[in-house]
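# Residue-level structural notes
Next come the chains, spelled out residue by residue.
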Amino acid sequence: MDVRRRSAGGAGRPVNGAVKMKVKMVDHHHHHQNDAAKASDALPLPLYLTNAVFFTLFFSVVYFLLTRWREKIRTSTPLHMVNLSEIVAILAFVASFIYLLGFFGIDFVQSLILRPSHDVWAGEDDEEDIILTEDARKMPCGQALDCSVPKIAPLKPALKVAQKVFDKETAPPSEEDEEIIQAVVAGTIPSYSLETKLGDCKRAASIRREALQRVTGKSLEGLPLEGFDYESILGQCCEMPVGYVTIPVGIAGPLMLNGREFSVPMATTEGCLVASTNRGCKAINLSGGASSVLLKDGMTRAPVVRFNSAKRAAELKFFMEDPENADTIATLFNKSSRFGRLQSVKCAVAGKNLYMRFCCSTGDAMGMNMVSKGVQNVLDFLQDDFPDMDVIGISGNYCSDKKPAAVNWIEGRGKSVVCEALIKGDIVTKVLKTNVAALVELNMLKNLTGSAIAGALGGFNAHASNIVSAVYLATGQDPAQNIESSHCITMMEAINDGKDLHVSVTMPSIEVGTVGGGTQLASQSACLNLLGVKGANREAPGANARQLASVVAASVLAAELSLMSAIAAGQLVNSHMRYNRSSRDVSAMVSA
């Protein structure tokens, strides 16, 4: 079967609409006339044996001839004087070389030197001398009992389906856009360069989207294109956009925290999550609210450098940790930003390698780029005093970013927050539908003992990750940093002679910011504004980011309280059956 792909943008003849794909097959009545001799037909043996014979022959005669010619050179015998064995070896060399070239080389050389252009693909159909018939089968020949070409109407190309979907969602592309779409499909215009070439991000996304549908034959119906500011993500949030994903945002609260009320936005597709968190907020509010304390605020970056010996690595460690050098290092580091201020450097040696964990304040930004620039300044300075230092990477995973790590659990990263509340006994009974003793016992056996048995690293909680992810998505944080930001230990203790409940969450590495990244997008910016922490705080730099971290911790506290109560009361399954089950007929949902 001869399968050929025809370009949509051939210069020789225009193509209307979508990329044309044609599957062609030589009529079986003439197939025997066009069978070409193959290199593998040289011996009446299986292909792998034929290849083995000629491989062995080729390398054997090459070794024999080289040995003979070396002997002749040593004895000053002319090379053109050959005996019978050398003649046979030369003939065997030529034969095996021709075989190997025919089997392996011809197609490879042709693919490099004679690679057809788009015009060749477009025009070669008119130059074929053999009879071609349309293959309209829906399965490979080997899967059918009858391999003849069935006489049925040819299938509509799948690519036209995508074109119809495009027409259904938006107006048909203009002639100019159609030419660009065809060029993108043909590969003459890179998809990633559309924004630069067109100067219109919305138009670039539309053209890229249609080209993708034509190439894949898959519809993007349901993925919104309109109603988004594509200029706002250029060069900072997302490359090569074709639309955007909608995630519903629910509100939990009001949540009373440190004497202020917050309505917490949560972007999630998990039913019952917002409702459960909202119940926790109610229990906290009725008990007088929650309070939080910021324990630490510092983003980290840890480059890895290598020396020729462990001794030299240790010398740099001592230099970095020497208090006399602290001011010099801090001055170099702080040059990179108005807000980045170096707090500490913690070093670890592994053989000849040294890991230096820089920790600095970053204002209202999450601060990864800020701390990285400061680290680079210090590394450039150290290169003068330690010329044998080889910088392996600006990040050596001792930071540790977007990975569960004990160093974050112990030392903290970003904002370290503890949040607590005292829940009255009657609130536990009336709102949470359980009792204090049951909650305390469940927390000990589930969050503490169970997590220890599982070997959890920072996971001594019921579902902190649920709330961190939902708030992060709503407020434009980096969702991948949910990993270390969800480190949390939930504590519950009966107080006042067992009548009331003291509950707390300790989260050592909440990584958030209110400027930069996704926080500037319209939807996420609106959610930050709802919390009163949009943008940078001019009076007290860093205050907005710290407030956001406290809200995250308090939201986790509310959600932990509600979920643990549901489990203790045996309500978990029933609540999920009520709020987390779709009533849609999923059997009717098929992919286009």
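All figures in this text were calculated on a predicted structure; none of them were measured in a lab. (Residues numbered from 1 in each chain as written. Predicted model: local features only at pLDDT ≥ 70, side-chain atom pairs only at ≥ 80, totals over all residues. Heavy atoms only, no water.)

### Focus on the overall build of the protein
For the protein, the helix and strand inventory stands at 19 helices and 14 strands. The 592 residues of the protein split such that 42% are buried. A fraction of 71% describes how many contacts in the protein between residues 6 or more apart in sequence connect residues 24 or more apart. Of the roughly 31,800 Å² of accessible surface on the protein, 58% is carried by carbon and sulfur atoms. (Helix = DSSP H or I, 4+ residues; strand = E, 2+ residues; numbered from the N terminus. Buried < 20%, exposed > 50% of the residue type's maximum accessible area, 1.4 Å probe, protein only. Contact = heavy atoms within 4.5 Å. Areas by Shrake-Rupley, 256 points an atom, 1.4 Å probe, with all protein chains shown as cover.)

### Overview of the packing of helix 10 (residues 326-334) against helix 11 (residues 368-385)
Close contact between helix 10 and helix 11 brings their axes to 7 Å; oriented N to C, the two are set at 125 degrees. When the axes of helix 10 and helix 11 are compared, the pair comes out oblique. In this structure, helix 10 meets helix 11 at a crossing whose hand is right-handed. Residues T328, I329, L332 and F333 of helix 10 form the contact with helix 11, whose participating residues are V371, G374, V375, N377, V378 and F381. (Axes fitted to C-alpha atoms, helices over the stretch in contact; angles between N-to-C directions. Parallel < 35°, antiparallel > 145°, perpendicular 65-115°, else oblique. Left-handed = near helix turned anticlockwise from the far one by under 90°.)

### Points about the state of the cysteines
A full pass over the atoms with the stated rule returns 0 disulfides. C237 carries a free sulfur, and the closest cysteine sulfur to it, the one in C238, is 8.1 Å from it. (Disulfide = S-S within 2.5 Å.)

### Here we look at the nonpolar core
M266, I284, I423 and I510 are the most contacted members of the largest nonpolar core, which totals 52 residues. For this core, the leading source of residues is helix 18 (residues 543-568), giving 12 residues. Counting residues in each nonpolar core, the second largest holds 26 residues, with V305, F358, V375 and L382 among its members. (Core = buried A, V, L, I, M, F, W, Y, C linked by side-chain atoms within 4.5 Å.)

### Brief notes about a nonpolar patch on the surface
Among the surface-exposed residues, V82, I87, I90, L91, V94, F97, I98 and L101 lie close enough to one another that they form a single nonpolar patch of about 670 Å² accessible area. Mapping V94 onto the fold places it in helix 2 (residues 84-113). You can call V94 partly exposed: its relative accessible area is 38%. (Patch = residues over 30% accessible without salt bridge, like charges linked within 9 Å, V, L, I, M, F, W, Y side chains within 5 Å. Salt bridge = Lys/Arg side-chain N within 4 Å of Asp/Glu carboxyl O.)

### What to know about helix 8 (residues 273-286)
Between its terminal C-alpha atoms helix 8 stretches 20 Å, which fits the 20 Å expected from 14 residues at 1.5 Å a residue. Phi turns positive, to about 105 degrees, at G288, one or two residues after helix 8. (Expected span 1.5 Å × (residues − 1).)

### A closer look at the environment of L563
Relative to the helices and strands, L563 is located in helix 18. For the pair L563 and A462, spaced 101 residues apart in sequence, the C-alpha to C-alpha distance is 7.4 Å. Setting aside residues up to four positions removed in sequence, L563 forms contacts with S276, A462, H463 and L572.

### Quick word on the packing of helix 8 against helix 18
Contact geometry for helix 8 and helix 18: axes closest at 7 Å, N-to-C directions at 105 degrees. The angle between helix 8 and helix 18 falls in the class roughly perpendicular. Facing helix 8, whose interface residues are S276, T277, R279, G280, C281, A283 and I284, helix 18 presents S555, L557, A558, A559, L561, S562, L563, S565 and A566. Here the residues of the contact of helix 8 with helix 18 sort into 9 nonpolar, 6 polar and 1 charged. (Nonpolar A, V, L, I, M, F, W, Y, C, P; charged D, E, K, R; others polar.)

### Describing the packing of aromatic side chains
Inspection of every chain in the model, using the stated rule, returns 11 aromatic pairs. For the pair F58 and F93, a centre-to-centre distance of 5.5 Å together with 25 degrees between the ring planes defines the contact as stacked. Within this pair, whereas F58 is found in helix 1 (residues 47-75), its partner F93 is found in helix 2, the two being separated by 35 residues in sequence. Residue classification places F58 among the buried residues on the basis of a relative accessible area of 15%. Take F93: its relative accessible area is 29%, and that puts it in the partly exposed class. Ring pairing ties together the aromatic residues F55, F58, F59, F93 and F97, which thus form one cluster. (Phe/Tyr/Trp six-rings, centres within 6.5 Å; stacked < 30°, edge-to-face > 60°.)

### Some details on unusual backbone geometry
With an omega of 10 degrees, the peptide bond between G253 and P254 qualifies as cis. Across the junction of C399 and S400, the peptide omega takes the value 0 degrees, indicating a cis bond. Mapped onto the elements of the fold, S400 is located in the loop between strand 10 (390-393) and helix 12 (406-411). Backbone geometry places N496, a non-glycine residue, at a positive phi of 55 degrees. Structurally, N496 can be placed in the loop between strand 13 (488-495) and strand 14 (500-510). Of the residues examined, N496 reaches a relative accessible area of 45% and is grouped as partly exposed. Here D497, not a glycine, exhibits a phi torsion of approximately 60 degrees, which is positive. Residue position: D497 is located in the loop between strand 13 and strand 14. Under the relative-accessibility criterion, D497 is labelled exposed at 80%.

### A look at the pattern of salt bridges
Here the structure, examined in full by the defined rule, presents 20 salt bridges. Notably, a salt bridge pairs E86 with K72, separated by 2.9 Å at the nearest N-O pair. Of this pair, E86 sits in helix 2 while K72 sits in helix 1, and the two are 14 residues apart along the sequence. With relative accessibility at 1%, the residue E86 sits in the buried group. Residue R214 is joined to E178 by a salt bridge in which the shortest nitrogen-to-oxygen separation is 2.7 Å. One end of the pair, R214, is in helix 7 (residues 201-216); the other, E178, is in helix 5 (residues 175-186), and 36 residues separate them in sequence. Of the two residues, R214 and E178, neither departs from the other in class, the shared state being buried.

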